[in-house]
Amino acid sequence: MTKTIHISGLQDGVRIESRIMEEQIQAAVLQGARNLEVEALGQHGIGGRIWISEQEPVHLTITGSSGQRTGSMGFPGTFIDITGPASDDIGWLNAGAEITVHGNASNGAANAMAQGKIFVDGSIGARGMTMTKRNPRFDPPELWIKGSTGDYFAEFMAGGIAVVCGINPQDPTNIFGYRPCVGMVGGKIFFRGPIKGFSETDAKLVFISDEEWDWLQTNIQIFADRIGQPSLVEQLAKRDEWQLIEAKLPSEKVQKQHLSMREFHSRVWDHELGRGGLVGDLTDLDRSPVPLITTDDLRRFVPVWENHKYLAPCQSSCPTGIPVQQRWQLIRENKTEEAINLALKYTPFPATVCGYLCPNLCMQNCTRQIQRMTPIDVHILGQKSIGAAMPELPPLSDKKVAIIGGGPAGISVAWQLRLSGHPAVVFDREETLGGKISSAIPESRIPKAVLEAELERARKIIDHVHLHEDMTAEKFAELKNDYDYVVIASGASKPRTLPVPGKERLVTALDFLKKTKTGQIIPGKQVVIIGAGNVGCDTATEAGRLGCRNITLIDVQKPASFGKEREEAEKYGAQFKYPCFTKEITEQGVVLTTGEIVPADMVIISIGDQPELDYLPKTIASERGWITVNDIFQTTDPKVFAIGDIVKPGLITNAIGAGRQAAIAIDAMLTGKRPQGDPATMLEHTATSLEYIRQDGEQSEMIDYSRMTLEYFDPRVKAFESLERCAEECSSCGSCRDCGLCEAICPRSAISRNDLGNGAFEWVSDPKRCIGCGFCADTCPCGIWNLVPNTPVG
């Protein structure tokens, strides 16, 4: 049995502060204590915030006099047993602890509690069970009272369950005290015994269903056991002695005839407090209410339901344009297979890139980051996409497009063209498809089986692939003559080097990585890599895998590497050194301009690659070695497009996204939706050119982060174990979750849902009821409702 640790509130004859006692309790728990006996002398907050208890339950027995807020902010797995009465605010902001009081509890019991249970072997003071709430993903908070309650019980109660047994009440004629249930908007109150009414404006008596009675009987047994009085079970077993109060719905409250503001002022406010209210003896200013709450055209603001109007931040930041939140929505609807398959509409590499290689800009820009919450993990969904079903292919048109380059960009544009019904033919100089994904990226970052499976799927979609095809000026001219369009996607395969003595000793990173794939290179025990970017880190990783024990990456500036690439390099002990300027390469290693020699058996250079443009005609403009394109990736030759690293260095997902955009533009031209355009004006960047990049129904503007409400989601989640948990925690920015919170919170019952058929729906606001208060917009987790200024009355 676990040893009991004793903690006293009196040390050396002096009462210790509440803070000191909490520190002692926390320290004991961290050191492994799971049973604690606390002798209290009025210390506050005993037993709260024991975060480890969810995995390893912690039991506290409190003797003596516990102070205020015992068990405040308690956590699931914390069990607190108070051997006597409890002071104010027992279980304040409780988030899961179970607290038993062997005596009465004072004012504020269960105040603002959201989870957990409180069992009171006696009665409670005023304002018990006030402002409680409930997250529907968890069990509701519970307050069990053997006796009766004080005044203002369940005031502003928004969730949870209270059970008042009425045994030995403080007032035999009224177990609730004065004005219970005022402002109650949620939750249930089971009670037994006489009452002198409750706020019928906010609550109602309802029939106890069989399901509710079964719940009550089961939990009465638990309550009786916790307070050590099993005989109570029989005493509380008569169904006809129990009654149930529930909060009224907003629509029920609206239907009730309310006092006007003027009547309330004269008949209630002035009657209770005297004419003029609290400040009536200080001023005679007219403080009468404005007699009109405006609706319809007189409202200052109007709520507008803007479903699917804006892009979610995750989709907006994804160069490929994958609608991430739509995939999570499908999973919430139990359409997991459809969610997985959806990615193939946007990319041929959902598993390879989204699951492994991408730095996941969607996660970096997730709305949850605004509240420092863990972003939704798209890796899980990406890796599951290896099982995506082959997309249905339309019949082929009589058009054809040649694609130079079989890397991510080339495969992407060929994939998208085939999905649009146009045959695409890929020409590549390498032995296999995939470009640098296949030839240069270490297997430590992408499982070989995953990459090969997705390349095989791409081969089945793309009509023809010609490998070992070196491109020449004559070959390019032939392709341009034989095909409707040509897309250049040959990437950047010409490594940059340094014009220093001994440069012939340098091994390029690209050559090194290719040879490591086939076991054709041995780096030695010491390697220096010039250039500390992500490719340099991949090079360091492979050098370490091949047995190198001393790896140094040098750079002229602070290394630009980040993410998985850097993490893998550091696992092999790679060291980063900067700023370093190379003077010479010798047998000993790299000589710096400072005279220092960085020793090396092999020196690898990784300062970037350049495109090879020798085969292109002069009609295709370039700048500083990169092809010049317009917004739809069209070159100065209207029949030629260019995408990927041959236009601008970028991420793999940038290349894939460029392929999709170019394919949409080419399809629009092939089907007559867009004219080819005048080559003289092809490089003008206009908004109209972008219109052809977006397909029907696609948004372009990102929703503002401030519109989402994240308070419904658990900030304690640090990792996601399943697709379903990811989907639950996604706020679905810009796309309605159909949760109905707007309808529930509207004080005027102005919001309703219209079923449009085939799973479609819309939420609408009735202008005859709506006062433009903005509760719907402030409440919406998805940011769908937008409060806009009303059109001025003419």
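The residue numbering used here restarts from 1 in each chain and proceeds along that chain's sequence as written. Owing to the predicted nature of the model, reporting of local features is limited to residues with pLDDT of at least 70; listing and counting of side-chain atom pairs is limited to 80 or more, with chain, interface and lining totals taken over all residues. Working from all heavy atoms in the structure, the side-chain values ignore hydrogens and water.

Colleague: So what exactly am I meant to see when it comes to helix 1 (residues 18–30) here?
Modeller: Each full turn of the α-helix corresponds to 3.6 residues, which orients residues three or four apart in the same direction. Across its 13 residues, helix 1 extends 18 Å between first and last C-alpha, which sits within 8% of the 18 Å expected from 1.5 Å per residue. Exposure categories follow from relative accessible area, calculated using a 1.4 Å probe and restricted to protein chains: below 20% of the type maximum is buried, above 50% is exposed, and the middle band is partly exposed. To qualify as a helix, a DSSP run of H or I must reach at least 4 residues; to qualify as a strand, a run of E must reach at least 2; elements of each kind are numbered from the N terminus. Taken together, the buried positions of helix 1 are Ser18, Met21, Ile25, Ala28 and Val29. Down the axis, helix 1 shows its buried residues gathered within 100° of arc, on one side only. On the buried face of helix 1, the contacting elements are strand 1 (4–8), strand 3 (14–15), strand 4 (35–41) and strand 5 (58–65). Take the number of residues in a helix, subtract one, and multiply by 1.5 Å to get its expected span. It is the directions from the helix axis to the C-beta atoms whose arc is reported. In what follows, residue pairs with any heavy atoms lying within 4.5 Å of each other are defined as contacts.

Colleague: Can you help me understand the nonpolar core in this one?
Modeller: Buried Ala, Val, Leu, Ile, Met, Phe, Trp, Tyr and Cys residues form a nonpolar core when they are joined through side-chain atoms within 4.5 Å. Within the largest apolar cluster, 94 residues are counted, with the highest numbers of intra-cluster contacts made by Trp328, Ile403, Phe476, Ile488, Ile627, Phe641 and Ile643. The biggest single contributor to this core is helix 19 (residues 652–670), with nine residues. Residues contacting isoleucine 643, with those up to four places away along its chain left out, are Ala409, Val413, Val487, Ile488, Ala489, Phe633, Ala658, Gly659 and Ala662. Core analysis: the second largest hydrophobic core is formed by 47 residues, Ala28, Leu36, Ala86 and Ile175 among them.

Colleague: Would you explain the sheet that holds strand 4 in this entry?
Modeller: One key point about sheets: their strands pair by backbone hydrogen bonds, in either a parallel or an antiparallel sense. In this analysis, strands are considered paired if DSSP registers two or more bridges between them. Judged by pairing direction, the sheet is mixed, and its eleven strands sit side by side in the order 1-4-5-6-7-8-9-10-11-13-12 without closing on themselves. In this open sheet, the two edge strands, each paired with only one partner strand, are strand 1 and strand 12 (203–206). Within this sheet the neighbouring strands show an average axis-to-axis angle of 15°, counted without direction. Both strand 8 (residues 115–120) and strand 9 (residues 142–145) contribute to a ladder of four bridges, which runs parallel. Axes here mean lines fitted to C-alpha atoms, for a helix over just the part in contact, with angles spanning 0 to 180 degrees between N-to-C directions.

Colleague: Whenever I open this one, the packing of helix 12 (residues 408–419) against helix 14 (residues 448–461) confuses me. Can you help?
Modeller: Packed helices, taken two at a time, are described by their axes: the angle between them and the distance between them. Two elements in contact, helix 12 and helix 14, have axes whose closest approach is 10 Å; the angle formed by their N-to-C orientations is 45°. On the basis of their axis angle, the class for helix 12 and helix 14 is oblique. Seen from above, helix 12 lies across helix 14 with left-handed handedness. On helix 14, the residues that touch Ile411, Trp415 and Arg418 of helix 12 are Leu455, Arg457, Ala458 and Ile461. Each residue is assigned to one of three groups, with Ala, Val, Leu, Ile, Met, Phe, Trp, Tyr, Cys and Pro labelled nonpolar, Asp, Glu, Lys and Arg labelled charged, and all others, Gly among them, labelled polar. Taken together, the residues that form the contact of helix 12 with helix 14 break down as five nonpolar, no polar and two charged. Roughly parallel here means an angle under 35 degrees, roughly antiparallel means over 145, roughly perpendicular means 65 to 115, and every remaining angle is called oblique. Less than a right angle of anticlockwise turn of the near helix away from the far helix marks a crossing as left-handed, whereas a clockwise turn marks it as right-handed.

Colleague: What is the right way to read the sheet that holds strand 24 (residues 582–585) from this model?
Modeller: The three strands lie next to each other as 24-25-26, forming an open sheet whose pairing is antiparallel. Pairing within the sheet leaves two strands with one partner each, and these edge strands are strand 24 and strand 26 (597–599). Geometrically, the sheet is characterised by an average inter-axis angle of 25° between neighbouring strands, direction not taken into account. The pairing of strand 25 (residues 589–592) with strand 26 spans three bridges and is classified as antiparallel. Paired with valine 591 across the strands is isoleucine 597, a residue of strand 26.

Colleague: What is the right way to look at empty space enclosed by the protein in this model?
Modeller: Rolled over the atoms, a probe sized like a water molecule indicates the empty space that remains. Two kinds of site are reported from a 1 Å grid over the protein atoms alone, namely cavities, where a 1.4 Å probe fits but cannot get out, and pockets, open sets with protein on both sides within 12 Å along at least five of seven lines, and residues are called lining when an atom falls within 4 Å of a point. Grid points are joined across faces, edges and corners, and a volume is the space filled by probe spheres set on the points. All told, the structure shown has four cavities of 30 Å³ or more when counted by the stated rule. Each pocket or cavity is described by its volume, and for the largest cavity that value is around 180 Å³. Along the walls of the largest cavity sit 19 residues, with Cys314, Cys366, Thr367, Ile376 and Cys730 positioned nearest its centre. Breaking the lining of the largest cavity down by element, the ones donating at least two residues are helix 6 (313–317), helix 7 (324–332) and helix 10 (361–364). Per-class residue counts for the lining of the largest cavity are 13 nonpolar, four polar and two charged. The computed volume of the second largest cavity comes to approximately 120 Å³. Around the second largest cavity, the lining is made up of 15 residues, and of these Cys318, Cys354, Cys358, Asn360 and Cys362 lie nearest the centre. Every element with two or more residues in the lining of the second largest cavity is listed here: helix 7, helix 9 (350–357) and helix 10. In terms of residue class, the lining of the second largest cavity is made up of ten nonpolar, four polar and one charged.

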